[in-house]
Number of protein chains: 2
Amino acid sequence: MPSTPDQHFLEHAIDLAIRHSSDGVHGPFGAVVVRDESVVGEGWNQVVAGRDPSAHAEINAIRNACRSLETHVLSGCTLYSSCEPCPMCLAAIYWARLDRIVFACRAEDASRAGFDDSKILREIKLPWPERSIAWNELGRESGQRAFDAWIRNPSRVEY
Amino acid sequence: MPSTPDQHFLEHAIDLAIRHSSDGVHGPFGAVVVRDESVVGEGWNQVVAGRDPSAHAEINAIRNACRSLETHVLSGCTLYSSCEPCPMCLAAIYWARLDRIVFACRAEDASRAGFDDSKILREIKLPWPERSIAWNELGRESGQRAFDAWIRNPSRVEY
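Residues numbered from 1 in each chain as written. Chains lettered and ligands numbered in written order. Predicted model: local features only at pLDDT ≥ 70, side-chain atom pairs only at ≥ 80, totals over all residues. Heavy atoms only, no water.

## What to know about the overall build of chain A
Along its length, chain A carries 6 helices and 5 strands. Along its sequence from the N terminus, chain A presents helices and strands in the succession α-β-β-α-β-α-β-α-α-β-α. The proportion of buried residues among the 159 residues of chain A is 54%. For chain A, restricting intrachain contacts to residue pairs at least 6 apart in sequence, the fraction spanning at least 24 positions comes to 47%. Accessible area of chain A: about 6,600 Å², with a carbon and sulfur share of 48%. Separation of charge centres in chain A, based on 17 positive and 22 negative side chains, amounts to 6 Å. (Helix = DSSP H or I, 4+ residues; strand = E, 2+ residues; numbered from the N terminus. Buried < 20%, exposed > 50% of the residue type's maximum accessible area, 1.4 Å probe, protein only. Contact = heavy atoms within 4.5 Å. Areas by Shrake-Rupley, 256 points an atom, 1.4 Å probe, with all protein chains shown as cover. Lys, Arg positive; Asp, Glu negative; His and termini not counted. Charge placed at Lys NZ, Arg CZ, Asp CG, Glu CD.)

As structure tokens, then:
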């Protein structure tokens, strides 16, 4: 029986994972974003069902919370997830400026169910030439034009 | 003047960055996914404009390519990006199983324009208690129920 707010919202995330994955098509992951003791965004894994490799539970919960709060900044909010976020979701949590993350399972538990992100964590730390996906730098000078134009633009919105 | 297919598609990505960021609301980043010498997905930064912290150019290009190809797997495809992908986009590239990534600017060039992901890269490497966003483990046993149900489900779709 949940007895603290953290346990309550974490159970909500776990319930989303169990409920939505019962069809075998949605992966067994759930997440909620909470502000001031209220759920402002729910998410569950929709990678296969939604044909979107970025549609992890945490990313979906962040997107939904941003839609409901009409902002791209979630400071003041906590993310509850049924499992430790993968590197993609971890980075999204930092970009969203969440205050805190509470999770139930560890990455190794997800691996037991066939969802292994340990390779990605290893690859992030490797220098470009050693990565398993070819990582080619080209045309750096040409690309600078986008940043130069941005820096010169007085109407730019920083974030 | 672009003279190779790589240069051609990279210029396409850079053009998207310049064109869409001229309003000062869309960030100066563009990306395209290419398969068999054809663009199958375009993306540009929509974090502020779309109120979605995950809406980086690369993630949007991946999502659009998956929509157009009706799959969550982009093996056989190359991603061209106006800038080196951030850790979130790097992980999405691995989840999407792209073959290859070609980019123009480096992360340090983005930083010059006010978009700095170096903190995220440092945080990923830190143990949980040392991270600047509180990283709390709770209720691991309860969370296992989602994975246990998944493993027992004969209709589950692995990915």
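## Quick look at the confidence of the model for chain A
Chain-level statistics for chain A give a pLDDT mean of 96 and a share of 99% at 70 or above. For this predicted complex, the interface score ipTM comes out at 0.96, while the overall pTM is 0.97. (pLDDT = per-residue confidence, 0-100.)

## Let's talk about the pairing of strand 2 (residues 38-44) of chain B
Residue and element names in this part refer to chain B. Pairing geometry for strand 1 (residues 30-35) and strand 2, over 6 bridges, is antiparallel. Counted as the bridge partner of glycine 30 is tryptophan 44 from strand 2. Two successive antiparallel strands, strand 1 and strand 2, enclose a turn made up of 2 residues, where aspartate 36 displays a positive phi of approximately 50°. (Pairing = 2+ DSSP bridges.)

## So, the pairing of strand 4 (residues 100-105) of chain B
On a regular strand, each side chain points to the face opposite its neighbour's, so the side chains alternate between the two faces of the sheet. Of all 6 residues in strand 4 of chain B, 5 are buried, a share of seventy percent or more. The sheet contact formed by strand 5 (residues 134-137) of chain A and strand 4 of chain B spans 4 bridges and is parallel. For tryptophan 135 of chain A, the partnering residue across the bridge sits in strand 4 of chain B and is isoleucine 101 of chain B. Alignment of strand 3 (residues 78-83) of chain B against strand 4 of chain B, held across 5 bridges, turns out to be parallel. Pairing of serine 81 of chain B across the sheet is with phenylalanine 103 of chain B, part of strand 4 of chain B. The β-α-β motif built from strand 3 of chain B, the intervening helix 3 (residues 87-95) of chain B and the parallel element strand 4 of chain B has right-handed crossover chirality. (Right-handed = clockwise from strand over helix to strand, strands pointing away.)

## What about the packing of aromatic side chains?
Residue and element names in this part refer to chain A. Taken as a whole and judged by the stated rule, the model has 14 aromatic pairs over all chains. Residues phenylalanine 9 and tyrosine 80 carry aromatic rings whose centres are separated by 5.5 Å and whose planes lie at 45° to one another, so their mutual orientation is tilted. Linking phenylalanine 9 in helix 1 (residues 5-21) with tyrosine 80 in strand 3 (residues 78-83), this pair joins segments that are 71 residues apart in sequence. Phenylalanine 9 sits in the buried class, given a relative accessible area of 6%. (Phe/Tyr/Trp six-rings, centres within 6.5 Å; stacked < 30°, edge-to-face > 60°.)

## Side note on the sheet that holds strand 5 (residues 134-137) of chain B
Ordered in space as 2(A)-1(A)-3(A)-4(A)-5(B), the 5 strands form an open sheet in which the pairing is mixed. Each having just a single partner strand, strand 2 (38-44) of chain A together with strand 5 of chain B make up the two edges of the open sheet. When the angles between neighbouring strand axes are averaged without regard to direction, this sheet yields 20°. Strand contacts of helix 2 (residues 57-69) of chain A: strand 1 (30-35), strand 2 and strand 3 of chain A, with the helix running at about 140° to strand 2 of chain A, the strand carrying the most contacts. (Axes fitted to C-alpha atoms, helices over the stretch in contact; angles between N-to-C directions.)

## Overview of the relation of the copies chain B and chain A
For these two chains of identical sequence, chain B goes onto chain A by a turn of 180° and a shift of 0.0 Å along the axis, with RMSD 0.0 Å. Here the two chains are linked by the operation of a two-fold rotation axis. Within chain B, the C-alpha atom positioned nearest to the axis of rotation is that of methionine 88 of chain B, 2.1 Å from it. Most of the interface of chain B is mirrored in chain A: 100% of its interface residues are interface residues there too. (Least-squares fit on C-alpha atoms with pLDDT ≥ 70 in both.)

## Considerations on the interface of chain B and chain A
The accessible area lost on association of the parts is a frequent measure of interface size. Between chain B and chain A, the contact holds 95 residues from the first and 95 residues from the second. Regarding the contact of chain B and chain A, the summed buried area is about 8,500 Å², with carbon and sulfur atoms giving 66% of it. When the area that chain B buries against chain A is broken down by residue, the three leading residues are Tyr94, Trp95 and Phe147 of chain B, summing to 10%. For the pair chain B and chain A, the interface holds 12 salt bridges. Of the charged contacts in the structure, one is a salt bridge between glutamate 11 of chain A and arginine 145 of chain B, with a shortest N-O distance of 2.9 Å. Inspection of the chain B/chain A interface yields 41 residue pairs in polar contact (both at pLDDT 80 or more). At the level of elements, helix 1 (5-21), helix 2 (57-69), helix 3, strand 4, helix 4 (107-112), helix 5 (118-125), strand 5 and helix 6 (140-152) of chain B are the ones that each hand at least two residues to the side of chain B that touches chain A. At 10 residues, the largest contribution of residues to the side of chain B that touches chain A is made by helix 6 of chain B. (Buried area = accessible area lost by both parts, 1.4 Å probe. Salt bridge = Lys/Arg side-chain N within 4 Å of Asp/Glu carboxyl O. Polar contact = N/O pair within 3.5 Å; in protein donor to acceptor, adjacent residues only side chain to side chain.)

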